[in-house]
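# Results of the structural survey
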Number of protein chains: 4
Amino acid sequence: MASIVAPATAAALAARYDQVRGVSETLCEPLEPEDFVVQSMPDVSPAKWHLAHVSWFFETFVLKPLGGYTAFDPAFEVLFNSYYNAVGEQFSRPDRGLLTRPTVREIFAYRAHVDDAMRRAFAAGRLDAATLEIVELGLHHEQQHQELLLMDLKHVFSRNPLDPIYRPRSPAPSAVPALGWQRFGDARVAIGAPAEGFAFDNERPDHDREVPAFRLADRPVTNGEYLEFIEDGAYRNPALWLSDGWSTVQDKGWRAPLYWSQRDGAWTEFTLHGREAIDPGAPVCHVSYYEADAFATWAGYRLPDEFEWETAARSGQPGDGFMDDGVFHPAMPERGQHFGQVWEWTRSAYHPYPGYRPAVGALGEYNGKFMVSQLVLRGGACVTPRDHIRASYRNFFYPHMRWQFGGIRLARDDGKEA
Amino acid sequence: MASIVAPATAAALAARYDQVRGVSETLCEPLEPEDFVVQSMPDVSPAKWHLAHVSWFFETFVLKPLGGYTAFDPAFEVLFNSYYNAVGEQFSRPDRGLLTRPTVREIFAYRAHVDDAMRRAFAAGRLDAATLEIVELGLHHEQQHQELLLMDLKHVFSRNPLDPIYRPRSPAPSAVPALGWQRFGDARVAIGAPAEGFAFDNERPDHDREVPAFRLADRPVTNGEYLEFIEDGAYRNPALWLSDGWSTVQDKGWRAPLYWSQRDGAWTEFTLHGREAIDPGAPVCHVSYYEADAFATWAGYRLPDEFEWETAARSGQPGDGFMDDGVFHPAMPERGQHFGQVWEWTRSAYHPYPGYRPAVGALGEYNGKFMVSQLVLRGGACVTPRDHIRASYRNFFYPHMRWQFGGIRLARDDGKEA
Amino acid sequence: MASIVAPATAAALAARYDQVRGVSETLCEPLEPEDFVVQSMPDVSPAKWHLAHVSWFFETFVLKPLGGYTAFDPAFEVLFNSYYNAVGEQFSRPDRGLLTRPTVREIFAYRAHVDDAMRRAFAAGRLDAATLEIVELGLHHEQQHQELLLMDLKHVFSRNPLDPIYRPRSPAPSAVPALGWQRFGDARVAIGAPAEGFAFDNERPDHDREVPAFRLADRPVTNGEYLEFIEDGAYRNPALWLSDGWSTVQDKGWRAPLYWSQRDGAWTEFTLHGREAIDPGAPVCHVSYYEADAFATWAGYRLPDEFEWETAARSGQPGDGFMDDGVFHPAMPERGQHFGQVWEWTRSAYHPYPGYRPAVGALGEYNGKFMVSQLVLRGGACVTPRDHIRASYRNFFYPHMRWQFGGIRLARDDGKEA
Amino acid sequence: MASIVAPATAAALAARYDQVRGVSETLCEPLEPEDFVVQSMPDVSPAKWHLAHVSWFFETFVLKPLGGYTAFDPAFEVLFNSYYNAVGEQFSRPDRGLLTRPTVREIFAYRAHVDDAMRRAFAAGRLDAATLEIVELGLHHEQQHQELLLMDLKHVFSRNPLDPIYRPRSPAPSAVPALGWQRFGDARVAIGAPAEGFAFDNERPDHDREVPAFRLADRPVTNGEYLEFIEDGAYRNPALWLSDGWSTVQDKGWRAPLYWSQRDGAWTEFTLHGREAIDPGAPVCHVSYYEADAFATWAGYRLPDEFEWETAARSGQPGDGFMDDGVFHPAMPERGQHFGQVWEWTRSAYHPYPGYRPAVGALGEYNGKFMVSQLVLRGGACVTPRDHIRASYRNFFYPHMRWQFGGIRLARDDGKEA
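Residues numbered from 1 in each chain as written. Chains lettered and ligands numbered in written order. Predicted model: local features only at pLDDT ≥ 70, side-chain atom pairs only at ≥ 80, totals over all residues. Heavy atoms only, no water.

Turning our attention to the overall build of chain A. Helix and strand counts for chain A come out as nine helices and twelve strands. For 418 residues, the compact-globule estimate of 2.2 N^0.38 gives 22 Å, and the C-alpha radius of gyration of chain A, at 22 Å, lies within 12% of that figure. Reported as C-alpha extents along the three principal axes, the dimensions of chain A are approximately 65 × 55 × 35 Å. Counting every position in chain A, which comprises 418 residues, the buried fraction comes to 62%. Counting only contacts in chain A whose residues sit at least 6 apart along the sequence, the fraction spanning at least 24 positions is 79%. Averaging the coordinates of the 41 positive side-chain charges in chain A and doing the same for the 56 negative ones gives two points 1 Å apart. (Helix = DSSP H or I, 4+ residues; strand = E, 2+ residues; numbered from the N terminus. Rg over C-alpha atoms; globule rule 2.2 N^0.38 Å. Buried < 20%, exposed > 50% of the residue type's maximum accessible area, 1.4 Å probe, protein only. Contact = heavy atoms within 4.5 Å. Lys, Arg positive; Asp, Glu negative; His and termini not counted. Charge placed at Lys NZ, Arg CZ, Asp CG, Glu CD.)

Below, the discussion takes up the interface of chain B and chain C. With 28 residues of chain B at the contact, the number on the chain C side is 28 residues. Both faces combined, the contact of chain B with chain C buries some 2100 Å², and carbon together with sulfur accounts for 50% of it. Where chain B packs against chain C, one counts four salt bridges. Among the ionic pairs, C:R357 bridges to B:D413, the shortest N-O distance being 3.6 Å. Inspection of the region where chain B meets chain C yields eight residue pairs in polar contact (both at pLDDT 80 or more). Secondary-structure elements contributing two or more residues to the side of chain B that touches chain C are α7 (243–252), α8 (289–299) and β8 (343–349) of chain B. (Buried area = accessible area lost by both parts, 1.4 Å probe. Salt bridge = Lys/Arg side-chain N within 4 Å of Asp/Glu carboxyl O. Polar contact = N/O pair within 3.5 Å; in protein donor to acceptor, adjacent residues only side chain to side chain.)

Next up on the list: the sheet that holds strand β6 (residues 266–271) of chain A. Residue and element names in this part refer to chain A. Pairing in this open sheet of three strands is antiparallel, and the strands run β5-β6-β7 from one edge to the other. Two strands close off the open sheet at either side, each with one partner strand: β5 (260–263) and β7 (274–277). Taking the axes of each pair of neighbouring strands and ignoring which way they run, one obtains an average angle of 35 degrees across the sheet. Relative to β7, β6 is paired through four bridges, and the arrangement is antiparallel. In the sheet register, E269 faces β7, and the bridge partner there is E276. (Pairing = 2+ DSSP bridges. Axes fitted to C-alpha atoms, helices over the stretch in contact; angles between N-to-C directions.)

On to the relation of the copies chain B and chain C. Mapping chain B onto chain C calls for a rotation angle of 180 degrees and an axial translation of 0.0 Å; the resulting RMSD is 0.0 Å. Here the copies are linked by what is in effect a two-fold axis. Residue B:S373, judged by its C-alpha, is the member of chain B lying nearest the rotation axis, at 2.4 Å. A shared interface surface links the copies, since 100% of the contact residues of chain B are contact residues in chain C too. (Least-squares fit on C-alpha atoms with pLDDT ≥ 70 in both.)

Residue and element names in this part refer to chain A. With mixed pairing, four strands are arranged side by side in an open sheet as β10-β9-β8-β11. For this open sheet the edge positions go to β10 (395–397) and β11 (406–407), each flanked by a neighbour on one side alone. In this structure, strand β9 (residues 375–378) lies alongside β10, joined through three bridges in antiparallel fashion. Opposite L375, over in β10, you have F397 as the bridge partner.

Right, let's talk about the interface of chain B and chain A for a bit. With 29 residues of chain B in contact, the opposing surface of chain A contributes 29 residues. The three residues of chain B that bury the most area against chain A are B:E34, B:L98 and B:R101, which together make up 29% of that side's buried surface. At the junction of chain B with chain A, the criterion picks out six salt bridges. The partner of B:R101 in a salt bridge is A:D35, and the shortest N-O contact between them spans 2.6 Å. At the boundary of chain B with chain A, the tally comes to eleven residue pairs in polar contact (both at pLDDT 80 or more). At the level of elements, α4 (104–123) and α5 (129–158) of chain B are the ones that each hand at least two residues to the side of chain B that touches chain A. Each residue belonging to the side of chain B that touches chain A can be placed in one class, and the counts come to 16 nonpolar, six polar and seven charged. (Nonpolar A, V, L, I, M, F, W, Y, C, P; charged D, E, K, R; others polar.)

Quick look at the pattern of salt bridges now. Inspection of the entire model under this criterion finds 128 salt bridges over all chains. The closest approach of N and O atoms between A:R120 and A:D116, which form a salt bridge, is 3.1 Å. In this pair, A:R120 and A:D116 are both assigned in helix α4 (residues 104–123), four residues apart and thus about one turn of the helix distant. Relative accessible area serves as the criterion here: at 39%, A:D116 is assigned to the partly exposed category. Overlapping salt bridges, with partners in common, bring together B:R188, B:D208, B:E210, C:R188, C:D208 and C:E210 in one network.

So, about the environment of B:V372. Note on placement: B:V372 falls in the loop between β8 and β9 (375–378). In this structure B:V372 comes out as buried when scored by relative accessible area, which is 1%. Distance in space between the C-alpha atoms of B:V372 and B:G97 is 27 Å, their sequence separation being 275 residues. Every residue in contact with B:V372, bar those within four places of it in the chain, is listed here: B:Y350, B:H351, B:Y398, C:L242, C:D244, C:Y289, C:Y290, C:L375 and C:P399.

What follows deals with the arrangement of the chains. No interface is formed between chain A and chain C, the nearest pair of C-alpha atoms being 15 Å apart. With no contact formed, the shortest span from any C-alpha in chain B to any C-alpha in chain D equals 15 Å.

What follows concerns the relation of the copies chain B and chain A. At an RMSD of 0.0 Å, chain B and chain A line up after a rotation of 180 degrees and a shift of 0.0 Å along the axis. By residue overlap, the copies meet face to face through one surface: 100% of the interface positions of chain B are interface positions in chain A.

Residues and elements named next belong to chain C. Judged by how many residues are buried, helix α8 (residues 289–299) sits mostly within the fold: eight of eleven residues are covered. Residues of α8 that are buried include every one of Y289, Y290, E291, A292, D293, A294, F295 and A296, and no others. Buried positions along α8 lie against α6 (223–231), α7 (243–252), β8 (343–349) and β9 (375–378). G300, located one to two residues past α8, shows a positive phi value of around 90 degrees.

Attention now moves to the packing of helix α1 (residues 10–27) of chain D against helix α5 (residues 129–158) of chain D. Residues and elements named next belong to chain D. The interhelical angle for the contact between α1 and α5, taken along N-to-C directions, is 15 degrees, at an axis separation of 10 Å. When the axes of α1 and α5 are compared, the pair comes out roughly parallel. Taken as a pair, α1 and α5 cross one another with a handedness that is left-handed. On the side of α1, the interface is formed by A10, L13, R16, Y17, V20, R21, V23, S24 and L27, while α5 contributes L132, V135, E136, L139, H140, E142, Q143, Q146 and L150. (Parallel < 35°, antiparallel > 145°, perpendicular 65-115°, else oblique. Left-handed = near helix turned anticlockwise from the far one by under 90°.)

This brings us to unusual backbone geometry. Cis geometry marks the peptide bond from B:R101 to B:P102, where omega comes out at -5 degrees. Inspection of the secondary structure assignment puts B:P102 in the loop between α3 (76–79) and α4. Following C:R204, the chain continues into C:P205 via a peptide bond in cis, with omega recorded as -5 degrees. Mapped onto the elements of the fold, C:P205 is located in the loop between β2 (187–191) and β3 (207–211). One non-glycine residue, A:Y259, lies in the positive phi region at around 80 degrees. In this structure, A:Y259 sits in the loop between α7 (243–252) and β5.

On to the confidence of the model for chain A. In low-pLDDT regions, the fine details of the predicted coordinates are not to be read closely. All names here are of chain A. Averaged over every residue, the pLDDT of chain A is 95; the share at 70 or more is 97%. Confidence over residues 1–7 falls short of pLDDT 50; this stretch has 19 contacts with residues more than four positions distant or in other chains. The ipTM, which scores confidence in the relative placement of chains, is 0.95 for this predicted complex, and the corresponding pTM is 0.96. (pLDDT = per-residue confidence, 0-100.)

Shown next as structure tokens:
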């Protein structure tokens, strides 16, 4: 791993450290202490676990190796280790919601303790180039957990019949934009992140691919289009579904995206702003890969693969539609904008790029060991920090998962009539 | 149901209302807001759920029928209904731990709202005799939930590797008393609660039973005796166990009572005072019926039935060893004392007494519908309010359950040599 | 255990051995080899397992202790041990249906091998009194497995959409008899089996009970009455059910007895004669304790306890309505007949009688270790050998179980108006 | 789909029909009727189900559309439909082992009925070109089920402590060959099956890929090598495993390949010849993708992707090591032989080739709907018919599956030192 885009002086990284760590705490301002505790399914972690784990990361990979550091609480080494077997044992993941202690107040004290040590290390110039790289990784890691914190909180709140509101707003229905197609590919394309600058190891090594000509929709699928799919009986029609998808639909009783619910005939959607009417012009969100694939089949198209997506996205830049906007619910992006609002499912398996090598040591567990049975999503969503995303960024989830902000962008082979 | 032992004037009951309601809140003083939220297994309810549900009881069965009462929050009717189908729908029991809202603060406000309405009803003399009986039932109900709150909190804390402490103490090991036997029975004995005075419907109707002569141990089984049972290989010896018990031992991997754990060869026990060394002279606690029965088999004795227990206990009175002592962990009772410290498993199925009739209406669901597959425990424990217990009191749990404070008292047929 | 009613000479028992062993094989005549293999739920055993296990019983408890016996196959000691821990390991119960080998032919050879050795032992006069008692127990044991074989086969066939027929018949609908009540009790009654003559240990020791006056229906509940219960919405009305019963109804989606199915509005019942229309005048069968109890509640009555049942039945004798009739499906018994056709649920827990002692050694596992969480059924059914039953006979099942031929006989306290 | 390699006249296909159908029945010769019934896990089907289902295929897709055909039994349409939603309902897959009827004899009669109709249709020249293609597909389909039948039978037998033998043999340990590496790639390679000749739709369309230089082991991994991996503690070392793999190892308690078992220190393997000692020189078999990947990591190499495998295999032809040899257990193939003995895991997700279109109608369900979460295996195994396999053939299983005859061939990037 090399330093960030502009050569990262320790000073710049120190400032960024303060900024990113501050965002995590700002996101928690609307929460009551009780909101930090609950784990509503095994995939979800309590908010206070996220706040502690990201601090554990700096403690474990920066402060302890540096020496002269006194751990806030030795028990935290196991308690807030997520999945790093090389570090040691981990507290059982599905039991994270059993821990009433440490309290939220204690975890904020833990954060302050780590922040204090980090700031002193920065000030004393004790962080060498290799360590600064780990700090930079730690900040991207914390940004990932900022998104997870919002995803998880939404899931927790959604299970409460009182429909708690994270942040209130007055919803304004969107206009429904026409669907257009853009032509890309028929080219040899540079894929992945170059060796210079920050990127996760799963984006490397960069390499060329031949990408045949294809067309990509100029906007994601809308709620209105998805409603047509529902009303056409899609959730009762096995012909549209992958075999695993159809089993899942039946086992789970799915009949709409996660967080949708039909009351007296009208569809509503649970959001971080509380329960709202479905906005037909907004992008559909919280669909599984199975649903995205079935929708594409129903519509007569297909999902893009991740190389097609990256080919199309290389021309643009992240704009609106990120966590920084403070909206936390997807709106329709600008026509032709590939970044933000909803993650877009691709039909690419999350596998290593040719010549991939995970990092050495515990940090090698960051990405590589998850490279089976998951699918790649691209582009970032309304709960992703804007400066966390890039064209080569690979997110990944299992095909049945829905609590991430995942949506659909259609593709087709070039030449096919729409 | 008739009024309490001394004729319960409304004034006396109003005073008792304040006392019992106050105890529930006093018990919560050591808790952090986070401690009120978690449900560590489906049998457990979060502390804030208990606090709300007992208030819901007064709201549903006293205040709403009285008229002129404005509900604190209409959603609570479903949210805090435990199992009264006649009242209406209930929020899913195993999901009680998903509710971060209402917050603890809001639930204390709910309690204040109900208390205020109850006090005004008392003051205005609006409660007739039948309603006063329901109030009295509601107070006994709240006392049951005080015990449950402590049982549940202990279970929640026990799942935390940090071993949280509810209330600190300095443990003082007990002397190990010799085991003696007392002779009872060979008589026609009055069983159950007479029609006058407060009792639960499951203690009625009172009736006579012939109880043959039997001998009952003059104290419960100790931890030290139970350790011998463990060290004799009891948890690996199917010959000692009921068939269901042996399956349970194997499925759950039991090798000691709940909350016991062996670290570096030494046995410790998680208590509401934190983790402590096993005290060989204290009564064994948190054993299932299966373990109690296997222990009795191993020891060459048997468990008493509930009529034997009641026969023996009729001569005494509840003394020490209750919640009121503020100890919350069992100590050895006085020789020949049958009440307090640990509930004592009997080998009696929890079935209706001859001529049993449940109350009419929703309150008929209080006890009668649980009369299958459970076993009776008698006598109260160190987490039971002293004035809640009596010789005819029937507690009941499934044979595999261990989180109640259940212990063992041995019995044998008369004439058998010890 | 003492010998059978008339002092069992070895010769009489030898004849009975041939008879009982022969019945087991006669029952299998309608089966194809494939029918012997399948285990349709963990409670069910394949027919060939039953045939082998009952032979294992004689091999293990008679022939091996006798000496000079060569086992048919040493592997059978584990394979066909049901639950005797004192004998040794047991092949996993829910996996009995995995065994394609030994084949049916081999198991019949195993039976012949055991029979041959038994007959030689009888002929040589090698069986002493204590061993003859075990032989007698083994024959009652085999009779229990004859009933199980039919119960299990019915369950296996019922899961096949082809509705296989064990034995064909032309059903003739019954007349629906009026319901009458008989008065019993108000007496001190001898309960249980006397020390002389064959009985299972769970029927002993015999003892007196005071049985208050009660009334017992003079016939079991009919299908027609049960249909009224269904059509009155009973399976949707929690007020009628024990709490565990209501959970079970919802979890399993019960809406009628086991083997009933509604096709185009008409109810049919799967029987050992294939699928038949419901006969309104026949006794309802294959109901759980929960359903029996809910039916009694709905009807305004209750179930008898086992002492009431035995009080009433002591006056009569087993007549028609047993396996020997070759009908294998319940018909309406004679008015006032308590034996045969359907087992009758009582509300008595299956617990030991006062002073109960299980047999010493492995045979002590026969009954005693099952004395928790089950309920007693009485009287025998159309799949029970007639000479296997008696007034003191205690059958037992868990309250959710339905594949035994269990029906309902109503009781009420004396004096209650019908 | 076009006709088979040499232009398939109806006559040639009729002969091949007889041959393939005959092989299915020959494979069943060693079976007892009981062996045809059991389903030892949901993935397994009973042998008689396989025999019926492949006949159902011809009945459903050839004979019924042809007209003038009388179904053997109309109930079979549902009973033996595997997963074709477009045809209609299917009998529940995990319940296939509940069906004792139709008997084996009836299913052979069903086969004869279908064969008779097929032969008459051939003889009468009633099969047009499109139908002949379906017949050809049906024969390849039956060959797939021949392999499944052997896989499933092995699994069923393996669950029996008697270690049944499908076919006896005297095992002769192999010599352990040295491992060599062959260089391939650095080329533009034709991948997939051309439009002419029989192939499954998942092998199409054929297309070119750039395949960088790589090296491929000249033989599969041996049992001896795999034993070193085990003895090095691999099943206890999370660092070697994909995250899902490590969870699976722990959940299932894996410590060796499926069918291996350690008795008194020595490893044995259950085979279709009964239980045998592990042969260190034979290819390791019945490993999951997780184990194959972990082994490659431990060895310092990787698995090939499917394009690399196909690149290497294009130069060769299927030789020995197939079902036709009658061995049914893998031996070491010739050096550099890529076909036969064990299927080889690749690290390629089973996804559609660019431009893939499933067949129209029900037969479109044959392959396409399984294209998620599975991985590709290549080359065929000792239970695969030789004329069923080709270089472009794509087999696919979920990463945790082990009951297929799956082994490991190592790859490495070119230039890496061995």
